[in-house]
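# Structural characterization, general
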Amino acid sequence: MKKLILMVGIAVLAGGCGNGTNPLDATGNSSTTPSFGSPVATMGTGSLTAFSSAAPAYVSVNLGTGTQNVTAPAAGIVLSATLSTDALNPSGTVTIYHNAHFTTRLSKFNPSITSPGKVVAAGEVLGTTPAPLSWELIVDGAAACPYGYLSAAARVIVDQGVNNTRPCLP
Amino acid sequence: MPLACGLFLLTAGSASAGLSAIEVGVKGPNVEGERAVTLVNRVGFGAAAYLGEVATGTHLVASLGYQPYRLKNADDVSLNFLNMMAGAQLRGGKQVLGLAPAVALQLGAAYGWTSIANATGTTLNSKVYFTAAAVPSLEFPIWGSLSGSVNLEAQVIFNRPSNLIVFSESLMLRWSL
């Protein structure tokens with residue numbers, strides 16, 4: 001009995017084996033709504049535009065022109081990352097699972113993140129874009145306008161878009 | 001294999017001396033609290049080895065269990081736990097209609113990791129957690145040295161800022177040696 005207890009104790013104290021991020025943290029806290037940042041630093045001539053395609057309907061945010069970093073709008077797990085083969089007209093996509101309610105899909109850029117399962121922090125660089133970026137926010141499986149979930153600082157950036165249109169804007 | 005994980009397997013191995021029973025079975029978990037919003041319960045598997053009586057009605061037990069969960073709204077993502085625990089089981093002295101009640105208290109480690117189906121180059125996020133469980137059970141005879149047991153397990157996987165609390169029902173097949 002003493003041997004058993006001793007070995008359990010040693011093992012617990014020696015705990016710490018594992019890689020990357022705590023997987024329980026990575027699953028997200030679903031009791032809170034993430035405060036989303038802007039995935040780019042400037043909007044330029046970008047626009048916040050709502051439109052729907054055949055299926056599924058989604059909201060796309062055109063976040064401007066000019067080469068700049070694309071960052072994670074909130075912390076989460078990378079579910080998928082598709083690299084782009086065309087640097088000038090990038091077609092890469094990164095999907096981030098924030099928690100049980102919120103998923104983000106950023107597309108039309110050059111991802112540098114290649115590993116599904118990687119845990120990204122809010123603001124972590126995901127890649128670069130020389131062209132407009134699309135940001136889809138999926139809430140409980142349905143498309144939603146990201147604007148309502150943006151932090152105050154992110155709204156200042158997005159409000160710079162000269163071609164912003166309703167109904168995505170409040 | 002990292003040190004802590006290896007030590008726990010040694011712990012389980014040390015129970016092989018004086019083995020009195022082994023059991024295997026399936027487990028149906030119910031995640032409690034805020035994690036219930038995030039995690040979708042899936043069937044898990046468990047095995048346990050019992051040492052002979054070390055005190056009146058008390059047996060040492062080492063258990064190994066695998067418990068996966070799916071992440072809600074992310075069908076391809078799983079959160080998996082490999083539970084490695086050891087402790088003692090106190091068996092009731094009296095039996096009614098061949099039914100034998102018991103309760104086990106166990107401590108150990110849970111190795112947790114995320115996995116994504118159909119993904120290449122997946123970055124593994126993993127960690128070892130301290131865990132504790134209380135397992136009331138009711139054993140019923142089947143045939144000869146073969147018996148079954150219905151367990152109602154309460155397990156806590158300790159994590160900051162919020163623990164993972166799971167109540168599970170399990171059905172085990174037990175072979176007394």
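So, here's what we can say about the structure. (Residues numbered from 1 in each chain as written. Chains lettered and ligands numbered in written order. Predicted model: local features only at pLDDT ≥ 70, side-chain atom pairs only at ≥ 80, totals over all residues. Heavy atoms only, no water.)

## Section: the packing of aromatic side chains
Residue and element names in this part refer to chain A. One pass over the full model with this rule turns up 8 aromatic pairs over all chains. Plain terms: the ring middles of F36 and F102 are 5.8 Å apart, the flat faces sit at 55° to each other, and that makes the pair tilted. Taken as a pair, F36 in the loop between α2 (23-26) and β1 (47-50) and F102 in strand β6 (residues 102-111) lie far apart in primary sequence, 66 residues in all. For the pair shown, F36 and F102 are each scored as buried. Joined through ring pairs, the aromatic side chains of F36, F102, W135 and Y149 make up one cluster. (Phe/Tyr/Trp six-rings, centres within 6.5 Å; stacked < 30°, edge-to-face > 60°. Helix = DSSP H or I, 4+ residues; strand = E, 2+ residues; numbered from the N terminus. Buried < 20%, exposed > 50% of the residue type's maximum accessible area, 1.4 Å probe, protein only.)

## A look at the nonpolar core
Within soluble globular proteins, side chains that are nonpolar tend to cluster in buried spots. Counting residues in hydrophobic clusters, the biggest one holds 28 residues, and the most contacted among them are L126(A) and W135(A). Among the secondary structure elements, those contributing two or more residues to this core are β5 (92-97), β6, β9 (134-139) and α3 (152-158) of chain A. In terms of nonpolar packing, the next biggest core, distinct from the first, is built from 21 residues, A100(A), V119(A), V77(B) and I157(B) among them. (Core = buried A, V, L, I, M, F, W, Y, C linked by side-chain atoms within 4.5 Å.)

## Observations concerning the pattern of salt bridges
This structure, assessed with the given rule, holds 7 salt bridges over all chains. Measuring nitrogen to oxygen at the nearest pair gives 2.8 Å for the salt bridge that ties R105(A) to E136(A). Separated by 31 residues along the polypeptide, R105(A) in strand β6 and E136(A) in strand β9 bring together distant segments of the chain. Accessibility expressed as a relative area gives 29% for R105(A), which makes it partly exposed. The class of E136(A) is buried, set by a relative accessible area of 9%. Notably, a salt bridge pairs K27(B) with E153(B), separated by 3.1 Å at the nearest N-O pair. Of this pair, K27(B) sits in strand β1 (residues 19-31) while E153(B) sits in strand β8 (residues 146-157), and the two are 126 residues apart along the sequence. Sharing partners across several salt bridges, the network here consists of E23(B), R91(B), E139(B) and R174(B). (Salt bridge = Lys/Arg side-chain N within 4 Å of Asp/Glu carboxyl O.)

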